Amino acid sequence: MKAVVLAAGQGTRMRPLSESVPKPMLPVADRPLAAHTVDAAIEAGADEIVLVIGYEAETVRDYFGPEYRGVPVSYAVQERQAGTADAVNAARDHLEGPFAVLNGDNLYDPAAIDRLFDACPAICAIEVAEPSNYGVLSTEGGPDGPVTGIIEKPDEPPTNLANAGAYAFPAEARQWLEVPASERGEHEITDVVARVIEEFDMTPVTLERWLDVGRPWELLEANEWKLATLERRIDGDVSEDAHLEGDVVVEAGATIEPGVVIEGPALIREGAEVGPNAYVRGATLIGRDAEIGHAVEVKNSVVSPGTSVSHLSYVGDSVLGRNVNVGAGTNVANLRHDDADIRFTVKGERVSTGRRKFGVVAGDGVKTGINTSLTPGLKLEGGATTRPGEAVERDR
Ligand code: TTP
């Protein structure tokens, strides 16, 4: 079966991280976000991957190339991001026979994609506590029965089964990709699903775990998930005076200096340097050529390639973009005194992250002055700077 992977979106809710790197290419453990989806499709037996690209298309194309893990990859360009059905329609000329469609920014358990392919026509579903925020499936005779309907963000959800953005469509669906625009002005794949349900029995494939990675703290959650699946592997240059505990991966070309303590799960990528005397813990990704220096503590964070936290700093529950420079003595606060969930600005609105602990999100090239303190849920746009000794409480 061919698998169409949607990776053309602008990722506006992921800003500033998606400004230079398209969301599907943001790092999740040892590979870009969309590669987890593509890998799951390949493991489930996809014989061709069709990537729908648009925003920052070349970065995606450069990574996957014409063949990826022995499977041919073709590309369909969606000129304007006019919705998920429009995205699949852009790939229409690549399709014949039954085909799968997967969101390139969703994380799945690979075994679930295997079940999806086997059950075609089928749709992945996940039980959620608050279905009103999702596309909700109705089924006949319990959660395993055939899907009888799909409705977007209903006030009175018929079930608690949310659409998890993965579909195995019969060949006929290729004819039904041109759907009218929805109320929010997008051509939505749920309207294609609704048509398939009218003509076919669609099986719900229930997932144990699923993550829609749309906002910066979900990138952190994606890393928490996938870093925990790595197994200890030490290929880099590790001082005998360093202490590495649990599932720590140090890639070839990475250096761990004396006095460093790393508690897994953690991944230290090629070219990164940690220490001396640094403490890395929680689920932490230290990207390629990043530098974590003397007396720095990094906890449960994503540090992107080329970023430097050189001395005497604390970074917790945070995402640092590329080539950020954290000045000495910079401290990130990741917990409120009233223990309330941390809020973050998404498209101009303050929203709850649902997390008690969340630090900061820094876009590419941010520089903090020495002894900067940063409050929880702060967003620093690409290139932003702070003054020495500044306490930063508002996004900038
Ligand atoms: P969304 O998360 O709805 O869109 P997005 O990724 O652009 O993010 P944001 O809302 O923050 O701007 O998209 C779901 C998936 O579909 C995702 O993998 C991107 C893809 N997509 C396209 O390929 N083309 C499109 O026109 C749209 C809207 C989404």
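Rules behind the numbers
Residues numbered from 1 in each chain as written. Predicted model: local features only at pLDDT ≥ 70, side-chain atom pairs only at ≥ 80, totals over all residues. Heavy atoms only, no water. Pairing = 2+ DSSP bridges. Helix = DSSP H or I, 4+ residues; strand = E, 2+ residues; numbered from the N terminus. UniProt positions renumbered as here; feature names shortened; annotations may be inferred. Contact = heavy atoms within 4.5 Å. Phe/Tyr/Trp six-rings, centres within 6.5 Å; stacked < 30°, edge-to-face > 60°. Buried < 20%, exposed > 50% of the residue type's maximum accessible area, 1.4 Å probe, protein only. Lys NZ or Arg CZ within 6 Å of the ring centre and 35° of its normal.

> Looking at this structure, how should I read the sheet that holds strand 24 (residues 284-286)?
Backbone hydrogen bonds hold the strands of a sheet together, and the pairing may be parallel or antiparallel. Spatially, 15-18-21-24-27-30-35-38 is the arrangement adopted by the 8 strands of the open sheet, whose pairing is parallel. Bordering the open sheet on either side are strand 15 (233-234) and strand 38 (378-380), each of which pairs with just one other strand.

> What is the right way to look at the UniProt feature "domain: Mannose-1-phosphate guanyltransferase C-terminal" (unreviewed entry) in the protein chain in this model?
Listed under "domain: Mannose-1-phosphate guanyltransferase C-terminal" (unreviewed entry) in the UniProt record, and renumbered for this structure, are residues 262-354. Between the C-alpha atoms that bound residues 262-354 the distance is 27 Å, and the span itself is 0% helix and 46% strand.

> I'm lost on the sheet that holds strand 25 (residues 291-294) in this one. Help?
If you trace the 7 strands from one edge of the open sheet to the other, you get 16-19-22-25-28-31-36, paired in parallel fashion. The sheet is open, and its two borders are formed by strand 16 (237-238) and strand 36 (367-368), each paired with just one other strand. Of the pairings in the sheet, the one linking strand 16 to strand 19 (residues 255-256) comprises 2 bridges and is parallel in character. Each bridged residue has a counterpart across the sheet, and for Val238 the counterpart in strand 19 is Ile256.

> What's the story with the pairing of strand 25 in this structure? I'm lost.
If a strand is regular, its side chains alternate between the two faces of the sheet. Relative to strand 25, strand 22 (residues 273-274) is paired through 2 bridges, and the arrangement is parallel. Residue pairing in the sheet places Glu273 in a bridge with Glu291 of strand 25.

> For this particular structure, what's the right way to read the environment of Asn160?
You can see Asn160 is positioned in the loop between strand 11 (147-152) and strand 12 (161-169). Spatially, the C-alpha atoms of Asn160 and Asn103 are 21 Å apart, while their sequence positions differ by 57 residues. Apart from the residues within four sequence positions on either side, Asn160 is in contact with Ile126, Glu127, Val128 and Pro131.

> Can you walk me through the packing of aromatic side chains in this structure?
The description of an aromatic ring pair uses the distance of the two centres, along with the angle that the planes make with each other. Overall, the coordinates contain 10 aromatic pairs when judged by the stated rule. Relative to Tyr68, the ring of Tyr63 lies with its centre 6.2 Å away and its plane at 45°, an arrangement referred to as tilted. Exposure remark for Tyr63: the relative accessible area of 36% places this residue in the partly exposed category. Taken together, the aromatic side chains of Tyr63, Phe64 and Tyr68 make up a single cluster linked through ring pairs. The ring of Tyr75 carries the charged tip of Arg61 above its face, separated from the ring centre by 5.0 Å.

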